[in-house]
Protein chains: 2
Amino acid sequence: MTLNLLMTGNELMSGVTVDSNSALIARLLEALNMRVGSKLAIGDDLAQICAEVERLAGLSEVLVVNGGLGPTSDDLSSEALARVAGVRLVENAEALAHLEAWCGRRGLALNAANRKQALLPAGSVLIPNRVGSAVGFRLQHRGCEIVCTPGPPGELRPMLEEHILPWLAERYPLREPVVITRFQLFGIGESSLQELIRSGMPDWPADVELGFRAGAPLLELKVSSFSSRAEDARRGCEERLRAMLEGYIIGMADTTLPSCLVGLLAARGERVALAESCTGGLIAALLTEVPGASRVFEAGYVVYANRIKERMLGVSHETLERHGAVSEQVVREMAAGALRESGAEYALAVSGIAGPDGATPGKPVGTVWIAWGNAGNIRARELYFPVARKLFQTMVAATALDLLRRDLLGIEGDPRYLRERRVPR
Amino acid sequence: MTLNLLMTGNELMSGVTVDSNSALIARLLEALNMRVGSKLAIGDDLAQICAEVERLAGLSEVLVVNGGLGPTSDDLSSEALARVAGVRLVENAEALAHLEAWCGRRGLALNAANRKQALLPAGSVLIPNRVGSAVGFRLQHRGCEIVCTPGPPGELRPMLEEHILPWLAERYPLREPVVITRFQLFGIGESSLQELIRSGMPDWPADVELGFRAGAPLLELKVSSFSSRAEDARRGCEERLRAMLEGYIIGMADTTLPSCLVGLLAARGERVALAESCTGGLIAALLTEVPGASRVFEAGYVVYANRIKERMLGVSHETLERHGAVSEQVVREMAAGALRESGAEYALAVSGIAGPDGATPGKPVGTVWIAWGNAGNIRARELYFPVARKLFQTMVAATALDLLRRDLLGIEGDPRYLRERRVPR
């Protein structure tokens, strides 16, 4: 099945907007085993839209058009499609009712601009928009199903999930089941992981697909099968990957490091306190982004200045003087102070040099000490992330969360980043 | 001048990667008054790349190809371009020297995969890559200048800025000067701003271009002129916008709320302390993302639990019991506590209900109290952001920073968000 995308909008062409819609469409289509053949983006130009719709319709079984359904004069999709199909624009009763209800809920009268959104090419089939005013529609031209969708991602996604994907699934039924398993990993890079799989699983089955998506800080590993015949093989691969990657697996699907840690602590009925210097509150912010974080997190100490480390957490002046703020002794005292002050069961403490200034002899920009554990057992390690300030903070926060996660799960042995991220001396 | 983009890569088609490169290219071209006519993305398929290069070369004066210059077998741009142009691939001495030096700096021997990157279509002109291994190149075909560029954004940007844009500027000289002024605004929405400009400046000159780019939390307003004739008009517009928008202007170019605040406080030699409940450390994290934040920020109190508000900041138990954590009295005591504990000149304190749980009668999810000021004058206001948890935290953090910014600058009168963001009662 040949499926192409046509994205429209001046904001895409001027660089004002980064097009995330086409990636969203491609990811959602994967579950139907449908691939996007090409995606073309053009501006709000009626002649150009008509010409490209005509050309692409001749090349595609399905053409998804995105954008240009709004109320303003540069929203041209309905007009272009009517022109290409050689039909009139007619007021669609269902669309009009939707627009009246939509305006009504906002206490607005239906004006001419909004009413324009009820005009659809004759013969097209309306696609409901649960969120916004702009309905979608589809119509056939030259044997191609042309599907017009709204630009705002918050409207596009529900329309795809609730209407367009079910329709596509019915129209182009999967002959075979598609299963996509997503692992979220931390602490191993894409190339190391590829090498590990290549050497550790040289007999990787041809009908199981492997995919990677490198984010900061997580790496997503995707294992997919596209037939019932391949399902056992896929399950086998998943099992072997689980055994091989063990401690590097944060979770499945959309798990993140903070959500994993909140879940682990909540299950134990325990809490963590944070003592942050170089991350400046980022670890606390990441944890509290998770709904329900208040069950496991009560207190964070952002101790950016040395005198605040002393005052808030009782780090000794002498320790700071003798070892410097970025040292094993100081992060240990920070962690101990956070446990004592907060009453939490666990603490995480970080102190490092985010740069661009602040390097001292033997402690280059990128050096960080992390301490973690509970009152009976605080551990501390030094790492080195010689990257730009913001990425440094992101990596330190993620690493600190991961070290505590490993501790809570009782994972033995050092993760490879503790070997690889050493300060050069 | 007709300029089109061809983006290549399976990762673009599967939705693994959101294409930000094409937006970057478009934004940088704007300074040369060049617009992108269309952008097409396709996968790593040799036949398809050849066919589209051939087709687009016939339609374009300049065709920028992005991606496919790496060392692996799915990097096909050189091969495709040689095929289309009907020339051989030849090893480019300059490219080879670059690759040898690049590998040498990493302590690696030049292997076959990397050496492949020195093979360029005969007759093409090398474009240096200061960052990565993959050099770019350009060659002419059917009167079209085809420019091949690397996929990693960190390599693409310097290559564009240092080589391709200067070459384009020379080849297609601007007949007239282009000036683009960017204002960063907070506290006013895109549609309100458009309405304000429409009614306040009905005589907006035709040769001055106005553009908007809505981010969370800032709104960028762009004012551009494309001829020397239009420059006075542009300057006039800028002056009137400055007068009209005054307190909503955070700064020019790439200024952000945190960078603005760090600059303001640093200039005065003063510091701010943060007391955060519902933002959970986000305000502190935003401030400390700014290089040099340590001059103005020493201490942050993430007081997520009530007993921590009492213990860390001395909020009275009685106040918490009587008024609840999300109340004027509590944020005032939090701010006072932060000033007292930290010794900073200014404090910001926030307490609110980020959701999805936590609503109480009269305090729906989205309610927040913000206090700001110095020891002599702490002010507090209630606002309402009924949005998803993460966006709530982003908006509260930005609003808190803005309220303190207005205070430091002595801006009189309430910003419109204090009127618009009221808790429904």
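Residues numbered from 1 in each chain as written. Chains lettered and ligands numbered in written order. Predicted model: local features only at pLDDT ≥ 70, side-chain atom pairs only at ≥ 80, totals over all residues.

The subject of this paragraph is the overall build of chain A. Helix and strand counts for chain A come out as 16 helices and 17 strands. When contacts within chain A are restricted to residue pairs at least 6 apart in sequence, long-range pairs at least 24 apart make up 66% of them. (Helix = DSSP H or I, 4+ residues; strand = E, 2+ residues; numbered from the N terminus. Contact = placed C-beta atoms within 7 Å.)

Turning next to the domain arrangement of chain A. When the parts of a complex come together, some accessible area is lost, and that lost area is often taken as the interface size. Here chain A is described as being made up of domain 1 (3-171), domain 2 (179-252) and domain 3 (257-420). Here the C-alpha centroids of domain 1 of chain A and domain 3 of chain A sit 48 Å apart. (Domains from an automatic or database assignment.)

For helix 14 (residues 328-342) of chain B, which comprises 15 residues, the first-to-last C-alpha distance of 21 Å matches the rise-based estimate of 21 Å (1.5 Å per residue) to within 8%. Residues of helix 14 of chain B that are buried include every one of Val330, Val331, Glu333, Met334, Ala335, Ala336, Gly337, Ala338, Leu339 and Ser342 of chain B, and no others. (Expected span 1.5 Å × (residues − 1). Buried ≥ 20, exposed ≤ 12 C-beta atoms within 10 Å, placed from the backbone.)

The subject of this paragraph is the sheet that holds strand 16 (residues 367-374) of chain A. Reading across from one edge, 17(A)-16(A)-15(A)-13(A)-14(A)-14(B)-13(B)-15(B)-16(B)-17(B) is the order of the 10 strands in this open sheet, with mixed pairing throughout. If you trace the sheet from one side to the other, it starts and ends with strand 17 (377-384) of chain A together with strand 17 (377-384) of chain B, each paired once. Within this sheet the neighbouring strands show an average axis-to-axis angle of 10°, counted without direction. Looking at chain direction, strand 13 (residues 272-276) of chain A and strand 15 (residues 346-352) of chain A are connected through five bridges and run parallel. Bridge pairing links Ala275 of chain A to Ala349 of chain A in strand 15 of chain A. Packed on one face of the sheet, helix 15 (residues 389-409) of chain A meets strand 13, strand 15, strand 16 and strand 17 of chain A and runs near 30° to strand 16 of chain A. (Pairing = 2+ DSSP bridges. Axes fitted to C-alpha atoms, helices over the stretch in contact; angles between N-to-C directions.)

Moving on to the relation of the copies chain A and chain B. The operation relating chain A to chain B is a screw motion whose rotation component is 180°, with 0.0 Å of axial translation and a residual RMSD of 0.1 Å. Taken together, the turn and the small shift mark the pair as related by a two-fold rotation axis. (Least-squares fit on C-alpha atoms with pLDDT ≥ 70 in both.)

The subject of this paragraph is the pairing of strand 1 (residues 3-8) of chain B. Residues and elements named next belong to chain B. Summarising burial for strand 1: six of the six residues are buried, a large majority. As judged from the five bridges shared by strand 1 and strand 3 (residues 62-66), these two strands associate in the parallel manner. Across the sheet, residue Leu3 finds its bridge partner in strand 3, namely Val62. When strand 1 meets strand 2 (residues 36-42), the two strands line up parallel, connected through six bridges. Of the residues in strand 2, the one forming a bridge with Leu5 is Lys39.

Take the interface of chain A and chain B next. Across the boundary between the two partners, chain A contributes 46 residues, which contact 46 residues of chain B. Those elements that place two or more of their residues in the side of chain A that touches chain B are helix 2 (21-30), strand 2 (36-42), strand 10 (208-214), helix 11 (282-288), strand 14 (297-303), helix 12 (306-313) and helix 15 of chain A. A per-class count over the side of chain A that touches chain B returns 24 nonpolar, 12 polar and 10 charged. For strand 2 of chain A and strand 2 of chain B, the ladder comprises five bridges, and the chain directions are antiparallel. Opposite Ile42 of chain A, over in strand 2 of chain B, you have Ser38 of chain B as the bridge partner. (Nonpolar A, V, L, I, M, F, W, Y, C, P; charged D, E, K, R; others polar.)

With that settled, the discussion passes to the nonpolar core. Among the nonpolar cores identified, the biggest contains 155 residues, and Ala347 of chain A together with Ala347 of chain B are the most heavily contacted of them. Aside from chain neighbours lying at most four places away, what touches Ala347 of chain A is Val272, Ala273, Ala275, Ala335, Ala338, Leu339 and Trp372 of chain A. Ala26 and Ile146 of chain A together with Ile42 and Ala118 of chain B belong to the second-largest nonpolar core, a separate cluster that totals 94 residues. (Core = buried A, V, L, I, M, F, W, Y, C linked by C-beta atoms within 7 Å.)

What follows is about the sheet that holds strand 6 (residues 125-127) of chain B. Strand order in the open sheet formed by 12 strands is 6(A)-7(A)-8(A)-3(A)-1(A)-2(A)-2(B)-1(B)-3(B)-8(B)-7(B)-6(B), and the pairing between neighbours is mixed. Looking at which strands have only one partner, the edges of the open sheet turn out to be strand 6 (125-127) of chain A together with strand 6 of chain B. This sheet shows a mean twist of 20° between the axes of neighbouring strands, independent of strand direction. Helix 3 (residues 46-57) of chain B rests against strand 1, strand 2, strand 3, strand 7 (136-141) and strand 8 (144-149) of chain B of the sheet, and its axis sits at about 175° to strand 1 of chain B.

All names here are of chain B. Burial runs high along helix 4 (residues 77-85): seven of the nine residues are buried. Residues of helix 4 that are buried: Ser77, Ser78, Ala80, Leu81, Ala82, Val84 and Ala85. Looking one or two places after helix 4, you find Gly86, whose phi comes out positive at around 70°.

Bringing the packing of helix 3 (residues 46-57) of chain A against helix 4 (residues 77-85) of chain A into the picture now. Residue and element names in this part refer to chain A. Direction vectors running N to C along helix 3 and helix 4 enclose 50°, while the axes themselves pass 9 Å from each other. The pairing of helix 3 with helix 4 is recorded here as oblique in orientation. Like other packed secondary-structure pairs, helix 3 and helix 4 cross with a definite hand, here right-handed. Counted together, Leu46, Ile49, Cys50, Val53 and Glu54 of helix 3 and Glu79, Ala80, Leu81, Arg83 and Val84 of helix 4 form the full contact between these two elements. Its residues assigned to classes, the contact of helix 3 with helix 4 shows seven nonpolar, no polar and three charged. (Parallel < 35°, antiparallel > 145°, perpendicular 65-115°, else oblique. Left-handed = near helix turned anticlockwise from the far one by under 90°.)

For the rest of this paragraph, the subject is unusual backbone geometry. For the bond running from Ala216 of chain A to Pro217 of chain A, omega is 10°, close enough to zero to count as cis. Among the secondary structure elements, Pro217 of chain A is positioned in the loop between strand 10 and strand 11 (219-225). Phi at Glu246 of chain A takes a positive value of approximately 25°, unusual for a residue other than glycine. Given 11 C-beta atoms within a 10 Å radius, Glu246 of chain A is considered exposed. Look at Ala253 of chain B: it is not a glycine, yet its phi comes out positive at around 55°. Judged by C-beta crowding, with 10 C-beta atoms within 10 Å, Ala253 of chain B ranks as exposed.

A few words now on the confidence of the model for chain A. Across chain A, pLDDT averages 95, with 100% of residues at or above 70. Two numbers describe this predicted complex: its pTM, 0.90, and its ipTM, 0.89. (pLDDT = per-residue confidence, 0-100.)

This paragraph deals with the pairing of strand 17 of chain A. Residues and elements named next belong to chain A. Here strand 16 runs beside strand 17; their pairing, made up of eight bridges, is antiparallel. Note on strand 17: the bridge partner recorded for Val368 is Leu383. Here strand 16 folds back onto strand 17, and the loop between the two strands holds two residues.

All names here are of chain A. Tracing the backbone through its elements, the reader meets Gly151 in the loop between strand 8 (144-149) and helix 7 (153-171). Each C-alpha atom of the pair Gly151 and Ala97 lies 21 Å from the other, and the pair is 54 residues apart in sequence. Among residues more than four places away in sequence, those in contact with Gly151 are Gly9, Asn66 and Gly67.

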